[in-house]
Amino acid sequence: MGKDDPPPIAGGCADRGAFAFISKGWREVRDSATADLRLMRARADSVRARADRELEHLLASASALAPSLPPVAAGAPIAEVEFVRNRIQPKIQELRRQYSSRGASSPADGGGWPPAPGATSLRVDLSGIAAIRNAIVAAERDGGAEGWSVARWKGDRGEEQRGKECEVVRMIRSGIKEFERGSLSSDMFSGFRGRGEFVEKFKLSLKSLNKDYRESKEVPPLDLTEILAYLVQQSGPFLDQLGIRRDLCDKLVEMLYSKRNGRLMYHSLSEDRNLAENITEELDLRIARVLESTGYHTDEGFWNDPAKYKISDNRRHVAIVTTASLPWMTGTAINPLFRAAYLARSVKQKVTLLVPWLSKSEQELVYPNNITFSSPEEQETYIRNWLQERLGFEADFKISFYPGKFSKERRSIIPAGDTSQFISSKEADIAILEEPEHLNWYHHGKRWTDKFNHVIGVVHTNYLEYIKREKNGAIQSFLVKHINNWVTRAYCHKVLRLSAATQDLPRSVVCNVHGVNPKFLNIGEKIEADREHGQKVFSKGAYFLGKMVWAKGYRELIDLLSKHKKDLEGFKIDVYGNGEDSEEVQTAARKCDLSINFFRGKDHADDSLHGYKVFINPSVSDVLCTATAEALAMGKFVVCADHPSNEFFKSFPNCLTYQTSEEFVARVKEAMASEPQSLTPEQRYNLSWEAATERFMEYSELDKVLSNTNGHPGRGGKRNKVSKIPLLPKLSDVVDGGLAFAHHCLTGNEILRLATGAIPGTRDYDKQQCMDLNLLPPQVQHPVYGW
């Protein structure tokens, strides 16, 4: 009475309750399983007893007739009775012994499950009956056309003997058929349709439960040298980064592998391959066999989602995701639009273009000429009309929108929320990420390579060059460089760089996969036709067209013209563009007293621009200037810097490059004093989107992926022996998965997002975007449950 009760142990009641709940559930499962096994055994015993009765009846009938038959004369043809005695009766006896020795053990009767080695599994086996039946059929076939019914006998009682023997055969036949009909029509089989369906299902179920593990003992376990050899082999990418040559790694693998003293049973796959390749394949097969013997199996990589897109109508699906949209006249808005149109021309794939949607207040900051849209459908109509005016065919592809926000500091659109969710799982097959680093800087959602079978990144922008121009640009560019490496490796299978002006990224190749608007090629053809008729096609001098920001080459242009003002006396240039730095650019030009005429931005295909002869583009921050390609397509001169971004254009005769400011003056004077050359048909084709699409299909390996028939990369066509057993994840895949997981964790923290320059509130889309795109609020789509 005077003592306080001891305080209860925290969590004790909850733990005991959980344990009691689990124990109760386990008892119920165990009791249910025991009852089911008892019922199965009772039904199997019933079938066995019925089979014994039928066999006894069959043997009794045959034995009753056999003594009354006379022995067969020597030299007489083999008679039916001998067939019954010598071939049928042993089969029946064997079947009877088999059923009489049947035994099974289960948890219901105290035995273990599965049966002990040597015991026969509980199953219904009609193989003996089938053997008897096949023997009879074979004997009938060997006996000729008349078979049993016209057996030839010698002696006076031939007809009587033949009649009795036929009676034996008929009884055996009827007995077998009655046994089969009785077995299939019993209560045990009443729930199944089809001949022998229950028997087969019963066999398979018992086989899966009583799987013999002795097969795994046939494969010897891995030893230490094999494990070390495989670790070195899979660490190739990491060792490359440390500067260790690949041939040294191969020799180390060979040395470790050879210490097995010939215990490996898988020999060289091909004599014409070198030793390193043979060892690699044999080691992969060895590891795969050992894992397979343990029961481990996976169809995909370690970090991949097994639920992948599957082909339903022999057409693949390509989703193109970009960071800008018309009417913003920028490369990331125009080029992905044309790529979607030209990829959609093929019957092999369906195409969806996914573009950002901005709220009306942000549209006013981005889109020129005060163009705004009240709904995504209205903007889609604008995009399709603009494209239709420039294409010579009907573009059949889908346009979808994802929520985005405009960053004034970065002058770009940042996705809000998980962009990948706007492509349904049924269409998640192939993804083309236009500017993959931009799309994934703050991507907090499903990993692209998990949701899609093949992910291709196309690098448009030299972000490092832009960042270097900002305050503390050296530090920022260093960080962004490594972040770009991080996100592209984690989220892309293949990366295409339009030129070598971009940073070198993992799994990347350099190739120009952009073409020019067909309208520019038509303008060039018209100008060439007018020139052939003796008309003057170029009545104006030089011009420059581009977004009016310093990074687009305006700083370089003003510096070159001010430095060589005397050398270019009388030279004038017209500049077309809009942008955030318009006032500063014009002010700088006036201070230097330069002959530059500024105009508002225009479409490069505008009629007022056809008469210019020289397009001057001093920019060294572009990756691949679209305006340069368009000027060449229209048959104009192009004066540009000798820079990796212009490498593709240097093969055209009208492209005049310079390395120094003095060479710039010389190239400008040369262009102003001469006429451009006519483009050859091959040069025109190289500028077209048809050629660009072919290059894209080849360098992105999309042609191989599309030829795949089962919806998974690397599985179409002829596969090598190693890929037949995809049991182990590659070390590089594990590293990429770890990078993706770390990135997902970091981008989920709002403080870290803001510290790295993210727009506040972009981890999820806001209420206005939900209303514009008819989306459920994020808290409804991704609820957080608590107790």
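All figures in this text were calculated on a predicted structure; none of them were measured in a lab. (Residues numbered from 1 in each chain as written. Predicted model: local features only at pLDDT ≥ 70, side-chain atom pairs only at ≥ 80, totals over all residues. Heavy atoms only, no water.)

Caption draft 1: Inspection of the overall build of the protein at higher detail. The secondary structure content of the protein amounts to 28 helices and 14 strands. Per-residue burial for the protein yields a buried fraction of 45% across its 787 residues. For the protein, the accessible area works out to roughly 42400 Å², and carbon and sulfur atoms hold 53% of it. (Helix = DSSP H or I, 4+ residues; strand = E, 2+ residues; numbered from the N terminus. Buried < 20%, exposed > 50% of the residue type's maximum accessible area, 1.4 Å probe, protein only. Areas by Shrake-Rupley, 256 points an atom, 1.4 Å probe, with all protein chains shown as cover.)

Caption draft 2: Looking closely at the packing of aromatic side chains. In the structure shown here, the tally under the stated rule is 20 aromatic pairs. Consider the rings of F338 and W689, whose centres lie 6.0 Å apart with planes at 20 degrees: the pair is stacked. Taken together, the positions of F338 in helix α10 (residues 331-343) and W689 in helix α23 (residues 689-699) put the pair 351 residues apart, joining distant regions of the chain. A residue is classified by how much of its surface remains accessible, and F338, at 1% relative accessible area, is buried. Where Y367 meets F373, the ring centres are 6.1 Å apart and the plane angle is 65 degrees; that geometry is what we call edge-to-face. What makes Y367 buried here is its relative accessible area of 4%. Judged by relative accessible area, which is 4%, F373 ranks as buried. Three or more aromatic residues link up through ring pairs in this structure, and these residues are Y543, F544, Y554, Y576, F599, Y612 and F615. (Phe/Tyr/Trp six-rings, centres within 6.5 Å; stacked < 30°, edge-to-face > 60°.)

Caption draft 3: Expanded view of the sheet that holds strand β4 (residues 412-415). Within the open sheet, the eight strands sit side by side as β4-β3-β2-β1-β5-β6-β7-β8. Their pairing is mixed. The open sheet has two free edges, formed respectively by β4 and β8 (508-510), since each of these has just one partner strand. Averaged over all pairs of adjacent strands, the angle between strand axes in this sheet comes to 30 degrees, irrespective of strand direction. Docked against the sheet, helix α12 (residues 376-388) engages β2 (349-357) and β3 (398-407), running at close to 110 degrees with respect to β3. (Pairing = 2+ DSSP bridges. Axes fitted to C-alpha atoms, helices over the stretch in contact; angles between N-to-C directions. Contact = heavy atoms within 4.5 Å.)

Caption draft 4: Structural view of unusual backbone geometry. Look at the link from L326 to P327: it is a cis peptide, with omega at 10 degrees. As for its placement among the helices and strands, P327 is situated in the loop between β1 (316-321) and α10. Phi at N774 takes a positive value of approximately 55 degrees, unusual for a residue other than glycine.

Caption draft 5: Structural view of the packing of α10 against α12. With their axes 12 Å apart at the nearest point, α10 and α12 run at an angle of 75 degrees to one another. In this view, α10 runs roughly perpendicular relative to α12, as classed from their interaxial angle. Counted together, I334, L337, F338 and A341 of α10 and I383, W386 and L387 of α12 form the full contact between these two elements. Here the residues of the contact of α10 with α12 sort into seven nonpolar, no polar and no charged. (Parallel < 35°, antiparallel > 145°, perpendicular 65-115°, else oblique. Nonpolar A, V, L, I, M, F, W, Y, C, P; charged D, E, K, R; others polar.)

Caption draft 6: Expanded view of the pairing of strand β7 (residues 494-497). Here β7 shows two buried faces, one formed by K494 and L496 and the other by V495 and R497. In the sheet, β7 pairs with β8 via three bridges, with the strands oriented parallel. Of the residues in β8, the one forming a bridge with R497 is V510.

Caption draft 7: Expanded view of the sheet that holds strand β11 (residues 596-599). The strand order β11-β10-β9-β12-β13-β14 describes an open sheet built from six strands, whose pairing is parallel. Each edge of the sheet is formed by a strand with only one pairing partner; in this case those strands are β11 and β14 (655-658). Pairs of neighbouring strands in the sheet enclose a mean axial angle of 25 degrees, with direction left out of account. As paired elements, strand β12 (residues 612-617) and strand β13 (residues 637-641) share four bridges and run parallel to each other. The residue of β13 that forms the bridge with N617 is C640. Lying on the sheet, helix α18 (residues 554-563) is in contact with β9 (540-545), β10 (573-576), β11, β12 and β14; it crosses β10 at an angle near 165 degrees. Relative to β12, helix α20 (residues 626-633) is tilted by about 155 degrees, and along the sheet it contacts β9, β12, β13 and β14.

Caption draft 8: Spatial organisation of α23. What α23 keeps buried is the set W689, A691, A692, T693, R695, F696 and M697. Buried residues in α23 make contact with α10, β5 (430-434), β6 (454-459), β7, α22 (681-687) and α24 (702-707). Backbone geometry just after α23 places E701 at a positive phi near 65 degrees.

Caption draft 9: Quick look at the environment of Q476. Looking at where Q476 falls in the secondary structure, it is placed in helix α16 (residues 473-491). Overall, Q476 belongs to the partly exposed group, its relative accessible area being 32%. Placed 280 residues apart in sequence, Q476 and T756 show a C-alpha to C-alpha distance of 9.9 Å. Setting aside anything within four residues of it in sequence, one finds Q476 in contact with I467, E470 and K471.

Caption draft 10: Representation of the side chain of T449 in the model. Residue placement: T449 occurs in helix α14 (residues 448-451). Polar side-chain contacts of T449 include one of 2.7 Å to the side chain of R447. (Polar contact = N/O pair within 3.5 Å; in protein donor to acceptor, adjacent residues only side chain to side chain.)

Caption draft 11: Fine view of the pattern of salt bridges. Counted according to the given criterion, the structure contains 20 salt bridges. Residue K526 is joined to D530 by a salt bridge in which the shortest nitrogen-to-oxygen separation is 3.3 Å. Within this pair, K526 and its partner D530 are both found in helix α17 (residues 518-532), separated by four residues, close to a single helical turn. Within the structure, one salt-bridge network assembled from shared partners comprises E389, R390 and D603. (Salt bridge = Lys/Arg side-chain N within 4 Å of Asp/Glu carboxyl O.)

Caption draft 12: Layout of the nonpolar core. Of all hydrophobic cores here, the largest spans 133 residues; its most connected members are F397, I616 and F664. The dominant element in this core, judged by the number of residues it contributes, is α10, at eight residues. (Core = buried A, V, L, I, M, F, W, Y, C linked by side-chain atoms within 4.5 Å.)

Caption draft 13: Expanded view of the confidence of the model for the protein. In the predicted model, the protein carries a mean pLDDT of 75, and the fraction of residues at 70 or more is 65%. Scored below 50 in pLDDT, residues 263-273 shows 22 contacts in the model against residues more than four places distant or in partner chains. For residues 297-307, every residue scores under 50 in pLDDT, and the model assigns this stretch 20 contacts once sequence neighbours within four places are set aside. (pLDDT = per-residue confidence, 0-100.)

Caption draft 14: Quick peek at a nonpolar patch on the surface. Nonpolar side chains collect at one region of the surface, where I475, F478, L479 and I483 lie side by side and expose about 390 Å² of accessible area between them. Within the element layout of this structure, I483 appears in helix α16. Given a relative accessible area of 31%, I483 falls into the partly exposed group. (Patch = residues over 30% accessible without salt bridge, like charges linked within 9 Å, V, L, I, M, F, W, Y side chains within 5 Å.)

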